[in-house]
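Residue-level listing of the chains:
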Amino acid sequence: MVTQAAAVVDDFSLQLTLVLFITVVVVTLFTVLLTAPQHDEISEFYLGNRDMSPLRNGLAMCGDYLSAATLLGSTGLVALTGYDGLLQLGGTVVAWMMVLLLIAEPLRNSGKFTLGDTLALRLPRGQRSVRLALALCTLVVCLLYLVAQLVGSVALLTQFIGDPSRTARAMCVVVIGTIVVVYAAIGGMPGATTIQVVKAVMLVAGVGITAVMVMQHFSWNIDRLLSSAADNSNLGDEFLGPGLRYGGTTANKLDFFSLQLAIVLGLAALPHIMMRLLAPRTTQVLRGSVVWAVGLVGFVCLMAGVLGLGATAIVGREQIAEVDPRGDAAILLLAHQLGGAVLEALLSSLAFITLLGVAGGLTLAAASSLAHDLWSEVIRKGKAKQTEELAVARLAAVVIGVLGMMLALLSWGTSTATLAFLAFAIAASAILPTIVYSFFWRGFTGRGALLSLYGGLLCSVLLVVFSPIISSHPTSVYPDADFAWFPLQNPGIVSIPAGFLLGWLGSLAGGREEPAAAATGTSAFDEFQVRALVGTDQG
Amino acid sequence: MSQNPPLHGGFPSPPPTGMEPPGPQAIHHDPEFHAMRRAYGSFGTVAVLLAAGGFLSYVLLSSFAPDLMNLRLVGHLTVGLTLGLAQFVVMGVAAWRYTRHMSKRIDPTVRRLRAQQRQREQQQTRVPAGRRFRTW
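An unreviewed UniProt entry annotates chain A as Cation acetate symporter of Streptomyces phyllanthi. Here chain A is described in UniProt, under the heading Subcellular location (unreviewed entry), as follows: "Cell membrane". What the UniProt record of chain A gives under Sequence similarities (unreviewed entry) is the line "Belongs to the sodium:solute symporter (SSF) (TC 2.A.21) family."

This is the structure:
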C-alpha cells in the first residue's frame, strides 16, 4: 500500500515536472526567437544586449555560474557528509571572489569577444599559435563540463523512472542536447542570457522558499536544525565535524585540498563565465553586475547548505543514500517531504532548467572560441567576413552539441562531479596561469603562454588517466586494470603549480620576445596595462 | 579637469606640438597612471591572498586539525562551522571594500585619464581634417 501511494505521488510529480519544464522551455524558446540577433553582426551574437542593467547581468552571471552540480550535487554532499559538503559550498563562494577581485575588470577593459582577443593584444607576436592553444583548451573544458551537465540530466531522470532503459537515456540526452543547440545556435548570447536570467530567478526563488520552509520546520532555530541533522544522520556529532568524505589517510586529505584548489582557482577561469564578463558595455555596469552576482551566489550557496542539512534532519541520511549513493536526490526528497509533489516538481523542473542554461552557455562559449579564434583568426587569418564567421559560429554550436551528446551517451555511467572537477582542474592549470601572467607579469611571452596552456592541459589529463578514477578502484572506469600510480582523484594540487611553473619557465627560456617600441619606449605590456586598467574604449 | 600642460608631471615631456604619441603611450607616461596601477595592484594582491589563502588554510585546518575544528562554541556550533559561516561574511566585506577602494582610489583617475585621452584624439583628428579641407 505504502509503495503504491508513493508511486502515485511520484507519477503526479513527474507529470507536473514535465508540464512545468515544457512550459518554461516553450516560453524561453519563443523569447529566444524574438530576441535572436537580427543583423549579421558578430558582436550581437557574441555579447548580446550590452545595455542590460547590473541586476539582470548579475542574474545572468549567477545563472551561468551555478550549475545543477551545485543545486543537486552540493546539497547532496551536505546531506551525506555534513561538514565536508558545507566546505565545498564555501569553495564555490570564494571562487566567485576571484572573478571579482582578479579577473572581471581587466578582462572587460582589454577584451573584445573572446579571451583570445585579450591575449592577442597582450602577446601580439605569435598570437595565432596562442589562439590555437587557447581554443583547444576552451574546447576541452567546455566539452567536459557540457558532458557533465548532460550526464547529470540522465541521473536526474533516474530519480523519476528508476534505472532508465537505453532508449530513455538516449532520448533524454538528445532532447536536452537539441534544446541546448537551438538556444546557442539560433539565440546566440541574447538567447543564452534569456534562459540564464529566467533560471537564476527560478533558482533564487525556489531555493529561498524551500529554505524558509526548512527553517519554519525547525522554528528558525539553527541549533535545532544542526542537532536534528546530527541525530538523523546516525553519525552523531561526527556529522558536524570534518573528515566524513575526505578523511582518514593523508592522501584523502590532500585529495580534498586539491579539489578545493581546483574549485577556487578553476571556476573563475571557465570560458562561459569569462564570455559573460565581456558583455556589459562599461566597467561600472560590470562591477555592479559582479557585485550583484556576489550576493546572489552567496545567498544560493548559504541556502543550499540549509537545504542539505534540512534533508538529513527531515528525510534521514540513510534514506537519501539508499535512493542515490551520491546524494543527488537529497533536495528532491526533502521537497517531497516538505511540500509534497508540487514543490518536488518545482525543484526538479528547476534542476532541468539549470542543466539547460549552463549547457547552453558552455556550447555558446565553445562555439565562439572555435569561430572567432580558430576559424576567423587562425585559419582565415583575420580575413573572414562577419556573416561568414557568424555562420561558422552557428555551425560550431551544432557540432559541439552533437559531440557533447555522443560523449554523454558513451560515458553516461561516469559521475557528473568527476567530469566537472576535471574541467575545473584544466581551467585552473591551463587557462588561469595565462590570464594571471598576461595581466600582471611584464616578462610573460608567447612561448610561456603556449607552454602553460598545452602543459597544464596535458598534465591534468595525464594525471587523471593514471589516477584511481580510471583504474585500480572498484568504482573506476577499468576496475580490473591497475596503472594508477597517481594516488589522488583530483590533479589540481600538482597540475596547477605545473601550469604556472611552465608559463614562467617558457617565458624565461624564450628571452625577451617583445622589445619596447623604440620611438615611444612602451612595450606591448605597457599598452596592454593601460587598456586593462583605464579601459580607453569607454567614455 | 582640462588642465592640459601639467600632463607629464615629473617626466621630461616632449613639447606639446601635437606630435606627442596618441593612445596608450601618453597615458603610460602619466605618473598618475603609475600611482593608480600600484594602488590597484597592492589592493588586489592583498585581497586575493586573504580570500583564497584564508579559505585554503581553513580547508587544511579542517583536514589536519579536526580536534580544533570540533571545539564547541555555542550549542552545536563548532569552531569549524563558525569559520565556514565566516567565509560568507569575508566575501561580503571583501566585495564592499573592493567597490569602495575602486570608487575612491581608482575611478577618479580613470575618468581623468579617459577625458584627457578623448581630448588628445579630438585634437589629432581635427588637424588633418582641416588640412584635407584646404587642399580641396
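K.L.:
Give a description of the environment of A:G126 that names residues and reports values.
P.N.:
All names here are of chain A. Looking at where G126 falls in the secondary structure, it is placed in the loop between helix 6 (115-122) and helix 7 (127-161). Note on G126: relative accessible area 43%, which makes it partly exposed. Separated by 320 residues in the primary sequence, G126 and G446 place their C-alpha atoms 6.2 Å from one another.

K.L.:
Quick one: what's the story with empty space enclosed by the protein, residue by residue and with numbers?
P.N.:
Summary: where empty space remains is shown by rolling a probe the size of a single water molecule over the atoms. All names here are of chain A. Tallied over the entire structure, the rule returns five cavities of 30 Å³ or more. Taken as a whole, the largest cavity encloses approximately 150 Å³ of empty space. Listed by contribution, the elements that provide at least two residues to the lining of the largest cavity are helix 6, helix 7, helix 11 (271-277) and helix 14 (330-379). Counted by class, the lining of the largest cavity contains 10 nonpolar, five polar and one charged residues.

K.L.:
Could you give an account of the environment of A:T283, with specific residues and numbers?
P.N.:
All names here are of chain A. Of note, T283 is situated in helix 12 (residues 283-314). Taking relative accessible area as the criterion, T283 reaches 7% and is therefore assigned buried. Along the chain, T283 and A104 lie 179 residues apart, while their C-alpha atoms are 9.0 Å from each other. Among the polar contacts made by the side chain of T283, one reaches the side chain of N109 at a distance of 2.9 Å.

K.L.:
I'd like a description of the nonpolar core, backed by residues and values.
P.N.:
Residues and elements named next belong to chain A. The biggest cluster of nonpolar side chains holds 209 residues, and the ones touching the most others in it are Y46, W96, Y145, L277, L356 and F424. When residues in this core are grouped by element, the largest group, 23 residues, is from helix 14. Residues within four places of L356 in sequence aside, it is in contact with F21, V25, I176, I179, V180, Y183 and I195. Membership of the second largest hydrophobic core comes to five residues, among which are C459, L463, F486 and L488.

K.L.:
Describe the interface of chain B and chain A, and please don't skip the residues or the numbers.
P.N.:
Taken together, the contact pairs 49 residues of chain B with 50 residues of chain A. In this assembly, chain B packs against chain A so that about 4500 Å² is buried in total across both faces, 74% of it on carbon and sulfur atoms. The largest share of the area that chain B buries against chain A comes from B:H76, B:M91 and B:R114, three residues that together contribute 15% of it. Summed over the shared surface of chain B and chain A, the number is two salt bridges. Salt-bridge contacts for A:D237 lead to B:R72; the nearest nitrogen and oxygen are separated by 2.4 Å. Seen at the junction of chain B and chain A, the total is nine residue pairs in polar contact (both at pLDDT 80 or more). Taken together, the elements giving at least two residues each to the side of chain B that touches chain A come down to helix 1 (24-28), helix 2 (31-64), helix 3 (66-69), strand 1 (72-74), strand 2 (77-78) and helix 4 (79-135) of chain B. Examining the composition of the side of chain B that touches chain A, we find that 18 residues originate from one element, helix 4 of chain B, more than from any other. When its residues are assigned to classes, the side of chain B that touches chain A shows 30 nonpolar, 14 polar and five charged.

K.L.:
Run through unusual backbone geometry, naming residues and quoting values.
P.N.:
All names here are of chain A. With phi around 60 degrees, N234 is a residue other than glycine that occupies positive phi space. Residue placement: N234 occurs in the loop between helix 9 (222-232) and helix 10 (250-266). For K381, which is not a glycine, the phi torsion comes out positive at approximately 55 degrees. Mapped onto the elements of the fold, K381 is located in the loop between helix 14 and helix 15 (386-410). Assessed through its relative accessible area of 47%, K381 is described here as partly exposed.

Parameters and conventions
- Residues numbered from 1 in each chain as written.
- Chains lettered and ligands numbered in written order.
- Predicted model: local features only at pLDDT ≥ 70, side-chain atom pairs only at ≥ 80, totals over all residues.
- Heavy atoms only, no water.
- UniProt positions renumbered as here; feature names shortened; annotations may be inferred.
- Helix = DSSP H or I, 4+ residues; strand = E, 2+ residues; numbered from the N terminus.
- Buried < 20%, exposed > 50% of the residue type's maximum accessible area, 1.4 Å probe, protein only.
- 1 Å grid on protein atoms, 1.4 Å probe; cavity = no way out; pocket = protein on both sides within 12 Å on 5 of 7 lines; lining within 4 Å.
- Points joined across faces, edges and corners; volume = space filled by probe spheres on them.
- Nonpolar A, V, L, I, M, F, W, Y, C, P; charged D, E, K, R; others polar.
- Polar contact = N/O pair within 3.5 Å; in protein donor to acceptor, adjacent residues only side chain to side chain.
- Core = buried A, V, L, I, M, F, W, Y, C linked by side-chain atoms within 4.5 Å.
- Contact = heavy atoms within 4.5 Å.
- Buried area = accessible area lost by both parts, 1.4 Å probe.
- Salt bridge = Lys/Arg side-chain N within 4 Å of Asp/Glu carboxyl O.

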